[in-house]
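# Examination of the molecular architecture
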Protein chains: 2
Amino acid sequence: MYYLGVDLGGTTIKVGLVNETYQIIQSISGPTGRERSFEEVLKDMAMLCKAVMDKEGITEEDIHSIGIGSPGIASPNEGVILSSSNLNFDHVNVRHEIQKYIHTDVYVENDANCAALGEVICGAAKGEDNVIVVTLGTGVGGGIIANGKINRGSFFGAGEIGHQVISFEGGLQCGCGRKGCWEQYASATALIRQAKEAVAKHPESQILALAKDGKIENINAKVVFDAAKTGDKVASDVLETYYKYIACGLTNLINTLEPSMIVLGGGMSAQKEYLTNPVTKYVQEEMYGGLSLKTKITAATLGNDAGIIGAAFLGTTL
Amino acid sequence: MYYLGVDLGGTTIKVGLVNETYQIIQSISGPTGRERSFEEVLKDMAMLCKAVMDKEGITEEDIHSIGIGSPGIASPNEGVILSSSNLNFDHVNVRHEIQKYIHTDVYVENDANCAALGEVICGAAKGEDNVIVVTLGTGVGGGIIANGKINRGSFFGAGEIGHQVISFEGGLQCGCGRKGCWEQYASATALIRQAKEAVAKHPESQILALAKDGKIENINAKVVFDAAKTGDKVASDVLETYYKYIACGLTNLINTLEPSMIVLGGGMSAQKEYLTNPVTKYVQEEMYGGLSLKTKITAATLGNDAGIIGAAFLGTTL
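Residues numbered from 1 in each chain as written. Chains lettered and ligands numbered in written order. Predicted model: local features only at pLDDT ≥ 70, side-chain atom pairs only at ≥ 80, totals over all residues. Heavy atoms only, no water.

### Let's talk about the overall build of chain A
Applicable threshold: Under the DSSP-based scheme used, a helix requires at least four consecutive residues in state H or I and a strand at least two consecutive residues in state E, with every element numbered from the N terminus. Each radius of gyration is computed over the set of C-alpha atoms, and the globule rule expresses the reference value as 2.2 Å times the number of residues to the power 0.38. Burial classification: accessible surface area is computed with a 1.4 Å probe over protein chains only, and a residue below 20% of its type maximum counts as buried, one above 50% as exposed, and the rest as partly exposed. Contacts are residue-level and defined by heavy atoms, with any inter-residue pair within 4.5 Å sufficient. Note on areas: Shrake-Rupley, 1.4 Å probe, and residue coverage restricted to the protein chains presented here.
Scanning chain A for helices and strands turns up 11 helices and 13 strands. Over its C-alpha trace chain A gives a radius of gyration of 20 Å, about what one expects of a compact globule, namely 20 Å for 318 residues. The C-alpha extent of chain A, read off along each of the three principal axes, is 60 × 45 × 35 Å. The 318 residues of chain A split such that 56% are buried. The long-range fraction of contacts in chain A, counting pairs at least 24 apart against all pairs at least 6 apart in sequence, stands at 60%. Carbon and sulfur atoms provide 48% of the accessible area of chain A, an area that totals close to 12,700 Å².

### A short note on the pattern of salt bridges
Residue and element names in this part refer to chain A. Quick note on the threshold: A side-chain nitrogen of Lys or Arg and a carboxyl oxygen of Asp or Glu constitute a salt bridge if their distance falls within 4 Å.
Inspection of every chain in the model, using the stated rule, returns 15 salt bridges over all chains. In this structure, Lys212 engages Asp213 in a salt bridge whose closest nitrogen and oxygen atoms are separated by 4.0 Å. Like Lys212, the residue Asp213 is exposed in the burial classification.

### Thoughts on empty space enclosed by the protein
Here is the rule we go by: Both site types are read off a 1 Å grid over the protein atoms alone. A 1.4 Å probe that fits but cannot get out defines a cavity, while an open set with protein on both sides within 12 Å along at least five of seven lines defines a pocket; lining residues have an atom within 4 Å of a point. Grid points are joined across faces, edges and corners, and a volume is the space filled by probe spheres set on the points.
Summed over all chains, the structure comprises 2 cavities of 30 Å³ or more. Considering only enclosed or pocket space, the largest cavity measures out at about 60 Å³ in volume. What lines the largest cavity is simply A:Gln164, A:Asn252, A:Leu253, A:Thr256, B:Gln164, B:Asn252, B:Leu253 and B:Thr256. For the second largest cavity, the calculated volume is near 40 Å³.

### Comments concerning the relation of the copies chain A and chain B
To keep it simple, the criterion reads: Residues below a pLDDT of 70 in either copy are left out; the C-alpha atoms of the rest, at least 70 in both, set the least-squares superposition of the copies.
Between chain A and chain B, the superposition needs a rotation of 180° and an axial shift of 0.0 Å, giving an RMSD of 0.1 Å. Read as a symmetry element, the transformation amounts to a two-fold axis. A share of 100% of the interface residues of chain A reappears at the interface of chain B, consistent with the copies meeting face to face through the same patch.

### What to know about the interface of chain A and chain B
Here is the rule: What counts as buried area is the accessible surface, traced by a 1.4 Å probe, that two parts surrender upon association, with contributions from both included. N or O atoms within 3.5 Å of each other form a polar contact, as long as, within protein, one can give a hydrogen and the other can take it, and as long as residues adjacent in sequence are counted only when both atoms are side-chain atoms. In the scheme used here, Gly and all other residues not listed as nonpolar or charged are polar, with Ala, Val, Leu, Ile, Met, Phe, Trp, Tyr, Cys and Pro taken as nonpolar and Asp, Glu, Lys and Arg as charged.
In this assembly, 43 residues from chain A lie in contact with 43 residues from chain B. The junction of chain A with chain B conceals about 3,400 Å² of combined surface from both sides, 54% of it contributed by carbon and sulfur atoms. Its largest share of buried area at the contact with chain B, chain A owes to A:Phe155, A:Phe168 and A:Arg178, together 20% of the area lost on that side. The interface formed by chain A and chain B contains 2 salt bridges. Among the ionic pairs, B:Arg178 bridges to A:Glu286, the shortest N-O distance being 2.7 Å. There are 35 residue pairs in polar contact (both at pLDDT 80 or more) connecting chain A and chain B. Ranked by residues supplied to the side of chain A that touches chain B, first place goes to helix H8 (residues 233–257) of chain A with 10 residues. Grouping the amino acids of the side of chain A that touches chain B by side-chain chemistry returns 19 nonpolar, 16 polar and 8 charged.

### Observations concerning helix H1 (residues 38–56) of chain B
Quick reminder: α-helices carry 3.6 residues per turn. Residues three or four places apart thus point the same way. Residues and elements named next belong to chain B. Rules: An expected span of 1.5 Å times one less than the residue number is assigned to each helix. Throughout, the arc means the angular range of directions from the helix axis out to the C-beta atoms.
Its 19 residues place the ends of H1 27 Å apart at the C-alpha level, agreeing with the 27 Å of an ideal helix rising 1.5 Å per residue. Buried within H1 we find Val41, Leu42, Met45, Ala46, Leu48, Cys49, Val52 and Met53. What you see down the axis of H1 is that its buried residues fit within an arc of 155°, all on one side.

Right under this line is the structure:
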């Protein structure tokens, strides 16, 4: 039996064919073309699914189900994307559209939730059943897994952990409408902003030297870590503050939900223990009454595959 | 069949005998005497349980189980209080002690979790299965109910929602060790502090006039609400800010967990819609991208009985 997982992004549709041991054995991708009607976008998606099956020489009968991870809010059991501003989808019955072309079960789910499920099924959190996967990327996303299932909340919108306010007074404006959201301090975007601010004051920093062409606009998260690894104090200071921001939101989540594991995903997870060790230290310092931290904090291991694998197995975990 | 619920506080032990329709039909209380050994405290608790059964003329055979709500962290299935600084209990096997005197099942649970369970079983959240009960009292406590069961997290410590930091920089020192915890802004204690600060600047406020003997040290939460109801602007301003603090933490919880209902409990719940209406308005203003708020915010209805009723039914919901 095979499982089709789809990562429906604002720019690209990626389709992966996953086997029973959670390996992506074939994949294909194409442009989303989100300016088009949902019928056209989803027809293309179905064609990509067919193409990946053809590549492996299998048919509909060999497919357990198709799972689709999408930005926005979805009702997985009904196969409907309720809203997605990235895609201009409003109450789109994805199942119905896909089944015009492929006769199999179709599920849809928020993409961050899919990535979280992937890490729990076969990634960093394999074997854990009470997990929060925190995606530190352009924004801060998340997925909460309780007893091996995605916690969607009562209206499919749970897991928006990046939109917890950690700076009530004078906080930075967030795209969600609130001020002071964690995302504004702990995302990769935030780290880059913090690094640029530091470089403006300390142009001698290795951060600038390591940025492509030595230009401030080319600073990215990796450059900041690389600069710190050379012993650059400006970079180290930026990162220490950044770790504390991450630790603040993580401790909030631990005090509320006390998962057995928190997985840090997104582009930042490539830093592995350079990220998780200092963050763990700061979370420990914040623990209630100095009690010892029981939640394990670790880096994601599946990278971009997490979303596709999680989506592929949606139909088995509902 | 009857259910015994115990509220084991730092000062008083309250025991209630609850019938199958969730009514406390007999109750009794006695001093905790927490300076004594746990064996002595728990022997007294067992005697109170026996006394309340005698009052109703029933025996051990008529009792389903004894449930005990306690401050601190408990392992419900094992009947052990793992730690409770209020009681100086450290890994105390409560079940073992009680069963020296009464032969029935014994369960223990954090007291805020018991109160939350009570409100879900037969209070404000009856019929809801995804609920957060927020206790606004001396501190801010909470209990999270998912699918009708207490969410204890992986190590029995979940639900410490008062210890989410909402003021990362320059926040008020919290007893838990962190700075800027929600509890420091949204508890009844915090409201009283905020009112006192306002009165220091505006001694003409009705807040002071309504406080017992017109003394600033006698300001309590009710006085602030009463002053606002007379049209006092100082009191209204204090409350508006206070509502926003409450709304900040509630919105964080909604973005993370999206419960179907949030119940506001503790002493503050007596204000009912004077509390829940403005808080709901401010939460709505904070909703992601202006989406409409689906979570219902309501006041607790069981008052102090919630903890005893929730404890009494622990054995039926594990």
